[in-house]
Amino acid sequence: MSEEGREPEGQEQKSHDISSASEDRNQLTYLVTDAPPWYLCIFLAIQHCLTAFGATISIPLILSEGLCLQHDSLTQSHLINSIFFVSGLCTLLQVTFGVRLPILQGGTFSLLTPTMAMLSMPEWECPAWTRNASLVDTSSPVFKEEWQSRLRNLQGSIMVASLLQIVVGFLGVIGFLMRFIGPLTIAPTITLIGLSLFESSAAKAGTHWGISAMTTLLIILFSQYLRLIPVPVPAYNKLKKLHTSKFYIFQRISILLGIVVSWLICYILTVSDVLPSNPAHYGHLARTDVKGNVISDASWFTFPYPGQWGVPAVSLAGVFGLMAGIICSMAESMGDYYACAKLSGAPPPPRHAINRGIGVEGLGSLLAGAFGTGNGTTSFSENVAVLGITKVGSRTVILLSGVFLILMGILGKISAVFTTIPDPVVGGMFMVMFGVITATGISNLQSTDMNSSRTIFIFGFSMFSALSIPNWIVKNPGSLHTGVKEVDHVLHILLTTNMFVGGFLGFILDNTIPGTKRERGLPDREHEDVSDKFSASLELYDLPFGLTSFLSSQSWVRYVPFCPWRDRDTDGRTEDNNVMLRRGSELSSHGEIVEMR
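Residues numbered from 1 in each chain as written. Predicted model: local features only at pLDDT ≥ 70, side-chain atom pairs only at ≥ 80, totals over all residues. Heavy atoms only, no water.

### Section: the side chain of Thr420
For the record, the criterion: A run of H or I in DSSP becomes a helix once it reaches four residues, and a run of E becomes a strand once it reaches two; helices and strands are each numbered from the N terminus. Contacts are residue-level and defined by heavy atoms, with any inter-residue pair within 4.5 Å sufficient.
When you line up the elements, Thr420 lands in the loop between helix H17 (412-419) and helix H18 (423-443). What Thr420 contacts, discounting residues up to four positions off in sequence, is Trp263, Lys291, Val294 and Ile295.

Shown next, in the form of structure tokens:
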């Protein structure tokens, strides 16, 4: 090489040092199969629980309006107990028998939109007296039947709808379905989940706009402006002994910090009588004593169990609406699996692991319905993001997180505390969370060609129609008459569910209008080279407790879509793993981690 084309030796060394420093900074401290020290496991597990806190408690709080429970804080706390308990149980199932990646399970907003559409039907509209706190007797059998009948229909519909996910996962249909679902289907679906919840957010924020604005500003301050500012905390290891370490507390638990600070300010304003004590005056709901004696009335221990609200019923219309949410949840989880594998130092998950993961999520939604949480379960994207932040990909930590979630579901006093959060504080949190969900949906378009008129047309038309059609049907409730009551109910729920309308139109148009893979946001799978660096690590996706070794002697196992098969090819890797390594490489190159569902 000539002198002109060669970099100076010092410059080469500097570039090498920068490259090495970058690699060290991005290197994982603990891989999937590693187990950190017990004290670090506890800390990291609690952090994962706190990360999932905001999304987990917000679902029962939103559902309480449609279930006529807005003035029954004790039952709200029972719902929070149930969703924590089931989330922990499903996390243990997913990490142990499912996809076997360090991925937390929790409630899903994908089912929330069709649920609210179902509960808004005329026959499920809450009586006027349930909206008046002075007329509600929470111990009255009449009141209990009002909300329990709604919840029983909801949980039965969730259980039936979850069978779709179970079948799709365990029968291996997921690969066939996902080839037709691209970003132009997923983007409007997820975006409309956030947009459809603006009324709930505004209703709670409007009870005191000053408090809700303060909560929103605090969350923005912590999560955006202060997120890279470390806080020194004491730490200990054998090498450095007792020392201080940097902890990015604002980045880790920004939502929880915003809620706690606003909650504390509301308490100070309550005890000093700055906030009005008269329920008729504006701002009364910002007081921390509005929920009365819910904490003292709650028991120390509560044990959620299937059928705790009675025998589940089934609404055919609700089943079809919830199936749309299930499909959206599956599409999200597929992306979460690949992102989680990449951030935890694991190879891209093979087909049998993905099939098990989706199937176990279906079982999770079935359990969530049976326990009466009013919701299903899915993989939490925000906790996947935590893996990249902490550089700890250990599934032992997530297993411990599942145990902590179960404990939180058993401790009744803890859930009761959450229900006393003032409405405007919850509204301020919703403003941020639902805004991020909306933006997360739009971010799915980054792999498509946004300069293409085809892309702009499909997304724009799907979004506008999904806002216009449901709005018109809600304002003209008698417009759907087919002569068959059940069909009318199904059409009403589907056509008033924004995410279904947008996702359906995006799916049809994206699969019928001619377009290149670049325009559709689909990777070109024909020219991908498969790296051999993960070939020795695929055993981490095997079934636990030696089940894979036991089943390897059975020839019929090769035909079971969710079981790993040991029939190795000449390169030491199964054909199934070759295919999935290639697919994982493609998805990882396009995938982004979202920090809130």
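Don't stop here, the text continues.
### Some remarks on the nonpolar core
Where we set the bar: Buried Ala, Val, Leu, Ile, Met, Phe, Trp, Tyr and Cys residues that are joined via side-chain atoms within 4.5 Å together make up what is termed a nonpolar core. Between buried and exposed lies partly exposed: a residue is buried under 20% and exposed over 50% of the maximum accessible area for its type, with that area taken using a 1.4 Å probe on protein chains only. A domain assignment, automatic or from a database, supplies the domain bounds used here.
Counting 111 residues, the largest nonpolar core has Phe109, Ile174, Ile259, Met429, Phe434 and Tyr541 as the members making the most contacts within it. When residues of this core are assigned to domains, at least three fall in each of domain 1 (27-453) and domain 2 (526-588). Non-local contacts of Phe434, meaning those with residues more than four positions away in its chain, are made with Ile62, Phe109, Gly194, Leu197 and Ser201. Core analysis: the second largest hydrophobic core is formed by seven residues, Phe85, Cys90, Ala368 and Ile406 among them.

### Looking at the pattern of salt bridges
Opposite charge on two side chains allows them to pair when their charged atoms are near. Heads up, the rule is: Here, a salt bridge means any Lys or Arg side-chain nitrogen found within 4 Å of an Asp or Glu carboxyl oxygen.
On inspection of all chains with the given rule, the structure shows nine salt bridges. Among the ionic pairs, Arg152 bridges to Glu145, the shortest N-O distance being 3.0 Å. Taking relative accessible area as the criterion, Glu145 reaches 39% and is therefore assigned partly exposed. One salt bridge in this structure joins Asp289 and Arg287, with 3.0 Å as the shortest N-O distance. The network of salt bridges with common partners includes Glu65, Lys204 and Asp423.

### Structural notes on the state of the cysteines
The condition is simple: Only a pair of cysteine sulfur atoms within 2.5 Å qualifies as a disulfide here.
Per the stated rule, a full pass over the model turns up one disulfide. For Cys68, the disulfide goes to Cys126, at an S-S distance of 2.0 Å. Given an S-S torsion of about -95°, the disulfide between Cys68 and Cys126 has left-handed geometry. Within this pair, whereas Cys68 is found in the loop between helix H2 (38-66) and helix H3 (73-96), its partner Cys126 is found in the loop between helix H4 (112-119) and helix H5 (141-170), the two being separated by 58 residues in sequence.

### Section: the side chain of Thr302
Considering the arrangement of structural elements, one finds Thr302 in the loop between helix H12 (294-297) and helix H13 (316-343). Assessed through its relative accessible area of 17%, Thr302 is described here as buried. Sequence-distant contacts of Thr302, defined by excluding residues within four places in its chain, comprise Asn81, Gly409, Ile410 and Gly412.

### A short note on the environment of Val231
Position of Val231 relative to the elements: it lies in strand S2 (residues 231-237). Taking C-alpha positions, Val231 is 8.7 Å from Phe250, a pair spaced 19 residues apart along the chain. In contact with Val231, not counting residues within four places along its chain, are Ser245, Lys246, Phe247, Ile249 and Phe250.

### With respect to the packing of aromatic side chains
To keep things clear, this is the line we draw: What counts as a ring pair is set by centres within 6.5 Å for rings of Phe, Tyr and Trp (its six-membered ring), and what kind of pair is set by the plane angle: stacked under 30 degrees, edge-to-face over 60, tilted for all other angles.
Following the criterion strictly, the structure yields nine aromatic pairs and no others. Plain terms: the ring middles of Trp129 and Phe143 are 6.2 Å apart, the flat faces sit at 65° to each other, and that makes the pair edge-to-face. Here Trp129 is found in the loop between H4 and H5, whereas its partner Phe143 is found in helix H5, with 14 residues between them in sequence. With a relative accessible area of 27%, Trp129 lands in the partly exposed category. In this structure Phe143 comes out as buried when scored by relative accessible area, which is 1%.

### Focus on the packing of helix H7 (residues 183-195) against helix H21 (residues 498-512)
Applied cut-off: Under this scheme, a helix contributes an axis fitted over its contacting stretch, all axes are lines through C-alpha atoms, and angles between N-to-C directions fall in the 0 to 180 degree range. Relative orientations are named as follows: roughly parallel for angles under 35 degrees, roughly antiparallel for angles over 145 degrees, roughly perpendicular for angles from 65 to 115 degrees, and oblique for any other angle. Residue polarity follows a fixed list, in which Ala, Val, Leu, Ile, Met, Phe, Trp, Tyr, Cys and Pro are nonpolar, Asp, Glu, Lys and Arg are charged, and the others, Gly among them, are polar.
Close contact between H7 and H21 brings their axes to 8 Å; oriented N to C, the two are set at 170°. By the angle class used here, H7 and H21 are roughly antiparallel. Between H7 and H21, the residues in contact are Leu184, Thr185, Pro188, Thr189, Leu192 and Ile193 and Asn498, Met499, Gly502, Gly503, Gly506, Phe507 and Asp510, respectively. When the residues that make up the contact of H7 with H21 are grouped by side-chain class, the tally is six nonpolar, six polar and one charged.

### Comments concerning unusual backbone geometry
Positive phi, normally seen in glycine, also occurs at Arg100, with a value near 65°. Looking at the element boundaries, Arg100 is found in the loop between H3 and strand S1 (105-106). Of the residues examined, Arg100 reaches a relative accessible area of 12% and is grouped as buried.

### Quick look at helix H9 (residues 209-225)
Under the convention used in this document: Working rule for helices: expected span equals 1.5 Å times residues minus one. As used here, the arc is the angular range of directions from the helix axis to the C-beta atoms.
Over its 17 residues, H9 extends 22 Å from the first C-alpha to the last, a length consistent with the 24 Å expected when each residue adds 1.5 Å. Looking at H9, one finds that the buried residues are Ile211, Ser212, Thr215, Thr216, Leu218, Ile219, Phe222 and Ser223. Along H9, the residues classed as buried sweep out an arc of 160° about the axis, all on the same side. Seen from the open side of H9, the exposed residues pointing more than 90 degrees away from its buried face are Leu217 and Tyr225.

### Examining the packing of helix H8 (residues 198-205) against H18
Quick reminder of the rule: Handedness of a crossing follows from how the near helix is turned relative to the far one, being left-handed for an anticlockwise turn of less than a right angle and right-handed for a clockwise one.
Where H8 contacts H18, the two axes come as close as 7 Å, and the packing angle between them is 145°. Considering only the axes of H8 and H18, their crossing is left-handed. Across the interface between the two elements, Ser200, Ser201, Lys204 and Ala205 of H8 pack against Asp423, Pro424, Val426, Gly427, Phe430, Met431 and Phe434 of H18.

Shape descriptors only; they carry no functional weight alone.
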